[in-house]
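Now for the letters of each chain:
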Amino acid sequence: MSRRKIAAGNWKLNLSFEEAMQLGRSIANQEIPSGVEVILAAAFPYLKSLGEMAVPVQNLHIAAQNCSEHAKGAFTGEVAASMLNSIQISHVLIGHSERREYFGDTDNVLCMKLQQAFDNEINPIYCCGEPLRIRKSGDHVSYVKTQLEETIFKLDQDQFAKLVLAYEPIWAIGTGETASSEQAQEMHAAIREMISNQYSQELADGIPILYGGSVKPANAKELFSQKDVDGGLVGGASLKSDSFIEIINSF
Ligand code: PEP
C-alpha cells in the first residue's frame, strides 16, 4: 500500500528569526517531489510567519514543537493548542524524548497534550523510542509497545488515523549514531503489527511511521527505502538547506 512520505525537520532551540525564515524560504523554493510532504517544526515566535510563507506551497506544513496540556488559564509561559490553531498551524510534535526527559512530559501529560491537539484540529506527530540501556538489554520492542499502550493506543480509531508516528531511538538522537536500516525496519514493522492488533490492518497499513535519529543525506536513501519506513524526523541535518533538501529528495 502506498503511504504518505514525509520529511520533517525539527529545528529545536536553534536559529534566529531571520535564519529561520531564510531556511524556510529556501526549502519552499524547492520543488518538493510529488507524493512527499515536508513539515518544519520551528520555535513558537516564528510559526505565524513561517505558516504564512508556507500557505501557497503545496505539501509544505509548519509544526509546533510542543503545546500545553491545558486548554487555557494561569499557566505562565505555556502555549495552548487553540493558540496554534488560531494562527493556522497544522501539526505539533508530541512525545519527543527531549520533552519527556527534560520537561517532565509523562505519559499522562502526553495523553492530555494529544487531546488538546485533537480538540483544536492539530495533527500530532507522536514520537517514541528506547534509551541505549533498553536497546542493549534487547527489550526495545516491548519498551516501545508500553509507550504506545500508555498513550496513543488510548485514542479512538478516528483520532489514531490522524497521527504521524516517529520512531526515534534515543541513543541515535543528536549522537551521529544512526540505527541501521535493519534496526529501523524491524521496529517499524513491529509498531505496525502492534497497531494492527490494537486497531486494524487497514489502519496499520495507512499510518506513516518516520524514523528519527541522526538522519543525514548519506543514510536517508537507505533508511527511506525500507518497507515500513515512510520518511524521517530530522534534527541537526534539517538546519542547513542543502542537507535537508538532499534528504527530501531521498525518497
Ligand atoms: C530529533 O531531534 O528528532 C532528531 C532526530 O535529531 P537528530 O536528527 O539531530 O538526531
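Here the structure is a predicted model, which is why all the values come from computation and not from measurement.

1. Description of the site of the ligand
Next up, step 1: The full set close to the ligand counts 14 residues, and Lys 12, Glu 168, Gly 174, Ser 214 and Gly 235 are the nearest of them.
Next up, step 2: At a separation of 2.9 Å, an oxygen atom of the ligand approaches a polar side-chain atom of His 96.
Next up, step 3: Glu 168 places a polar side-chain atom, nitrogen or oxygen, 2.6 Å from an oxygen atom of the ligand.
Next up, step 4: Residue classes in the shell around the ligand are distributed as four nonpolar, eight polar and two charged.

2. So, the packing of helix α11 (residues 217-224) against helix α12 (residues 241-248)
Any two packed helices are characterised by how steeply their axes cross, that is the angle between the axes, and by the distance between the axes.
Next up, step 1: In the contact formed by α11 and α12, the axes pass within 9 Å of each other and the chain directions differ by 15°. Put simply, α11 runs roughly parallel to α12. For the element pair α11 and α12, the recorded crossing hand is right-handed. In this structure, α11 uses Pro 217, Ala 220 and Phe 224 to contact α12, whose residues at the interface are Ser 243, Glu 246 and Ile 247.
Next up, step 2: Class assignment of the residues belonging to the contact of α11 with α12 gives a composition of four nonpolar, one polar and one charged.

3. Overview of the layout of surface pockets
Next up, step 1: Taken as a whole, the largest pocket holds about 430 Å³ of empty space.
Next up, step 2: In this structure, the largest pocket is lined by 14 residues; those nearest its centre are Lys 12, Leu 13, Gln 65, Arg 99 and Phe 103.
Next up, step 3: With three residues, the single largest contributor to the lining of the largest pocket is helix α4 (residues 97-102).
Next up, step 4: Here the residues of the lining of the largest pocket sort into seven nonpolar, four polar and three charged.

4. Looking at the sheet that holds strand β4 (residues 91-94)
Next up, step 1: Reading around the circumference, β1-β2-β3-β4-β5-β6-β7-β8 is the order of the eight strands in this closed barrel, with parallel pairing throughout. Ignoring strand direction, the axes of neighbouring strands in this sheet form an average angle of 25°.
Next up, step 2: Relative to strand β8 (residues 231-234), strand β7 (residues 209-212) is paired through two bridges, and the arrangement is parallel. Bridged to Tyr 211 within β8 is Gly 232.
Next up, step 3: Sitting on the sheet, helix α2 (residues 47-54) is in contact with β2 (36-42) and β3 (60-64), with an inclination near 165° to β3.

So, how was this worked out
- Residues numbered from 1 in each chain as written.
- Predicted model: local features only at pLDDT ≥ 70, side-chain atom pairs only at ≥ 80, totals over all residues.
- Heavy atoms only, no water.
- Near = heavy atom within 4 Å.
- Polar contact = N/O pair within 3.5 Å; in protein donor to acceptor, adjacent residues only side chain to side chain.
- Nonpolar A, V, L, I, M, F, W, Y, C, P; charged D, E, K, R; others polar.
- Axes fitted to C-alpha atoms, helices over the stretch in contact; angles between N-to-C directions.
- Helix = DSSP H or I, 4+ residues; strand = E, 2+ residues; numbered from the N terminus.
- Parallel < 35°, antiparallel > 145°, perpendicular 65-115°, else oblique.
- Left-handed = near helix turned anticlockwise from the far one by under 90°.
- Contact = heavy atoms within 4.5 Å.
- 1 Å grid on protein atoms, 1.4 Å probe; cavity = no way out; pocket = protein on both sides within 12 Å on 5 of 7 lines; lining within 4 Å.
- Points joined across faces, edges and corners; volume = space filled by probe spheres on them.
- Pairing = 2+ DSSP bridges.

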